[in-house]
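Commentary on secondary and tertiary structure
One letter stands for each residue in the lines below.
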Amino acid sequence: MRPRYPDAVDVAIVGSGPSGSAYARILSELAPDATIAMFEAGPTVSSPPGAHVKNIADPAARAHAQRRSEGPGAGAETVDSPGEVKSGERRARPGTFLLPEGDAVAGGDGMPVAAMSTNVGGMSAHWTGACPRPGGSERIAFLDDLDELLSEAERLLGVTTDAFDGSPFGDLVRERLGAVVDGARSEGDRVARMPLAVHRRDDGALVWSGSDVVLGDATRENSRFALYDESLVTRVLQRGGRAAGVRVTDRVTGETSDVAARFVVVAADALRTPQLLWASGVRPDALGRCLNDQTQVVFAVRIRGASGADRADGDAPAAGLSATSGVTWVPFTDDEPFHGQIMQLDASPIPVAEDDPIAPGSVVGLGLFCAKDLSRDDRVEFADDRADDAGLPAPRIRYGLTPRDRAVIERAREQIVRWGRAIGEPLDDSPFVLPLGSSLHYQGTTRMGPSDDGESVCGPDSEVWGVPGVFVAGNGVIPTATACNPTLTSVALAVRGAREIADRLGRGAPRST
Ligand code: FAD
């Protein structure tokens, strides 16, 4: 028997990724009397629901969970790392699937590898977990409480900086990079350990945070919270111009129901949140616009000559070490508008000679994410006369790099070689720019603004302008052009919205019927 949906709840949340889960968690903590229903279009693929698939020890079971997250793209060949994307083929990362028309509009660069995940936990069941704070112009100037919100987001995501302290060569990478990067930078902008949503168990195994960590026991033990998987929301219902509930299709039985709600939170990723608003007749001018992704430049080097670097039997990686054995952060600055994610790998991204085995951690993949020049013309738009696989208005992307974007990418290419050479011996002839969409960090499509001036979709609490009770969540809400990984920031913004809903519930917001 499938669970039947309730007739009415206080809060309906669409999407079970980290931003929707942050609403569930904060509401469970601050408004324990509130009834909350979370609807997720995809299946539950891990335990507890929303857990990162990398925590699944059996490779076959992990691959199965990834395939089940790939929605209509399931079964397609995927590429496992940014390094492999260099093949130039249009392929998705495991656990994700490509937007079919990502590069369809003639005359623009498009976003050939724009991708999504459809599963409980969303992309956070598959992510790398890098959680740097935004800096300089990445920050949202009109939010005075941003730092406190970011601290709360770090709590929800279980962010640490010491999980890879035993990693071979981690300190060496930071020392060598610091020598060429830190000179002109202020203290907070210097080379550092990457904050990561990961911790080590007592037995040394890594545990990656997914939505399960964001939900936490506070949500799982909340008897007024329920998660409904394989439940596609096709419409946000409104009455009298305010939130009234959601229309949801049970993807197992095919039945459609209306669930009344006093508040609706749409946390369905940066491409599908605007899609659901569009399908619901909520179409502010800024919807889908200012779409921005972070163009990614990659380069790889190998450490030689340092103690252990030339021996395959050198310091063994710590227990449970997977593809990344240590992650170093070069923060974004306004002078250098890219963000560096420097990952030590336990295998080379390119073939090496058989008699020249790689010592764990001695191959270093450098990735620079570039901040985009924001433009209203970069957008995801939706067709009223064509449906996607889910039966919702088909999305299509218009996207192009500006001359300023190309200049930033060129600078990133120069710096990545300089930084790479400081760390080790280059494995690549030259840096590689990944196909647009590779970063999986799409932002801006439901952007937040300080006032309803046509340039934003929602206000500082993430409530959609002119539609009381409808909130949006996820990377699409971020209004600035960030280069840093955005999830920490979008969870921080979700905390603010959830507190506002909790506050209004406490003050007796209108009841759903
Ligand atoms: P999502 O996690 O995408 O969840 C949205 C959910 O909504 C999905 O499960 C979807 O099925 C559901 N949904 C959509 N439409 C509907 C509907 N109509 N009805 C019901 N449900 C719906 N970010 C970082 O910050 N740092 C990183 O290091 C990082 N690395 C990454 C590596 C990989 C391989 C991947 C795939 C992603 C990575 N990301 C990273 C991106 C990160 O995972 C996302 O930023 C984050 O998951 C976004 O959270 P979200 O809750 O907004 O959306």
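Let us look at the structure shown here. For clarity, every value in this text was computed on a predicted model and none was experimentally measured.

1. Observations regarding the site of the ligand
Neighbouring residues of the ligand: 36 residues in total, closest S19, E40, A130, N475 and T487. Here P18 contributes a backbone N or O atom positioned 3.2 Å from an oxygen atom of the ligand. Between T128 and the ligand, the recorded distance is 3.1 Å, taken from a backbone N or O atom to a nitrogen atom. Breaking the shell around the ligand down by element, the ones donating at least two residues are helix 1 (18-30), strand 9 (231-239) and helix 6 (269-279). Residue contributions to the shell around the ligand peak at three residues, all from strand 9. Residue classes in the shell around the ligand are distributed as 13 nonpolar, 19 polar and four charged.

2. Quick word on the packing of aromatic side chains
Going through the model one piece at a time under the given rule, you end up with seven aromatic pairs. In textbook terms, an aromatic cluster arises when at least three aromatic residues are bridged by ring pairs, as seen for Y5, F39 and Y228. Across from the ring centre of W208, 3.7 Å away, lies the NZ or CZ of K54, which sits over that ring. Between the NZ or CZ atom of K372 and the centre of the ring of Y399, over which it lies, the distance is 5.3 Å.

3. Remarks on the side chain of H52
Looking at where H52 falls in the secondary structure, it is placed in the loop between strand 2 (36-39) and helix 2 (59-68). A distance of 2.9 Å separates a polar side-chain atom of H52 from the backbone nitrogen of K54. A polar atom in the side chain of H52 sits 3.2 Å from the backbone oxygen of A125. When near neighbours in sequence (up to four residues on either side) are disregarded, H52 contacts S124, A125, H126, W127, W208, S209, G210 and D212.

4. A look at the packing of helix 1 against helix 8 (residues 487-506)
Following both chains from N to C, one finds helix 1 and helix 8 inclined at 35 degrees, their axes separated by 8 Å at the closest point. In the packing of helix 1 onto helix 8, the handedness of the crossing is right-handed. Taken together, the residues of helix 8 that come into contact with helix 1 (itself represented by P18, S19, A22, Y23, I26, L27 and L30) are T487, V491, A494, V495, G497, A498, R499, I501, A502 and L505. The residue inventory of the contact of helix 1 with helix 8, partitioned by class, reads 13 nonpolar, three polar and one charged.

5. Details of the side chain of E40
Position of E40 relative to the elements: it lies in the loop between strand 2 and helix 2. R272 provides the closest opposite charge to the buried, unpaired E40, separated from it by 6.3 Å. Within polar-contact distance, the side chain of E40 engages the side chain of S16 at 2.8 Å. Dropping the residues within four chain positions of it, E40 is found in contact with G15, S16, T118, N119, V120, L227, Y228, D229, E230 and S231.

6. Details of helix 5 (residues 211-220)
Those residues of helix 5 not exposed but buried are S211, D212, V214, L215, G216 and T219. Residues of helix 5 that are buried in the fold lie against helix 1, strand 2, helix 3 (146-157) and strand 8 (225-228).

7. Re the pattern of salt bridges
Two side chains with opposite charge may pair up if their charged atoms get near one another. Scanning the entire structure with this criterion turns up 32 salt bridges. Where D145 meets R496, a salt bridge forms, and the shortest distance between an N and an O atom there is 3.0 Å. Of this pair, D145 sits in the loop between strand 4 (115-116) and helix 3 while R496 sits in helix 8, and the two are 351 residues apart along the sequence. What makes D145 partly exposed here is its relative accessible area of 24%. The salt bridge partner of R396 is E381, with a shortest N-O separation of 2.9 Å. Here R396, found in strand 17 (residues 393-398), pairs with E381, found in strand 16 (residues 379-387); they are 15 residues apart in sequence, far enough to count as distant. A residue is classified by how much of its surface remains accessible, and R396, at 27% relative accessible area, is partly exposed. Overall, E381 belongs to the buried group, its relative accessible area being 16%.

The rules behind these values
- Residues numbered from 1 in each chain as written.
- Predicted model: local features only at pLDDT ≥ 70, side-chain atom pairs only at ≥ 80, totals over all residues.
- Heavy atoms only, no water.
- Near = heavy atom within 4 Å.
- Polar contact = N/O pair within 3.5 Å; in protein donor to acceptor, adjacent residues only side chain to side chain.
- Helix = DSSP H or I, 4+ residues; strand = E, 2+ residues; numbered from the N terminus.
- Nonpolar A, V, L, I, M, F, W, Y, C, P; charged D, E, K, R; others polar.
- Phe/Tyr/Trp six-rings, centres within 6.5 Å; stacked < 30°, edge-to-face > 60°.
- Lys NZ or Arg CZ within 6 Å of the ring centre and 35° of its normal.
- Contact = heavy atoms within 4.5 Å.
- Axes fitted to C-alpha atoms, helices over the stretch in contact; angles between N-to-C directions.
- Left-handed = near helix turned anticlockwise from the far one by under 90°.
- Buried < 20%, exposed > 50% of the residue type's maximum accessible area, 1.4 Å probe, protein only.
- Lys, Arg positive; Asp, Glu negative; His and termini not counted.
- Salt bridge = Lys/Arg side-chain N within 4 Å of Asp/Glu carboxyl O.

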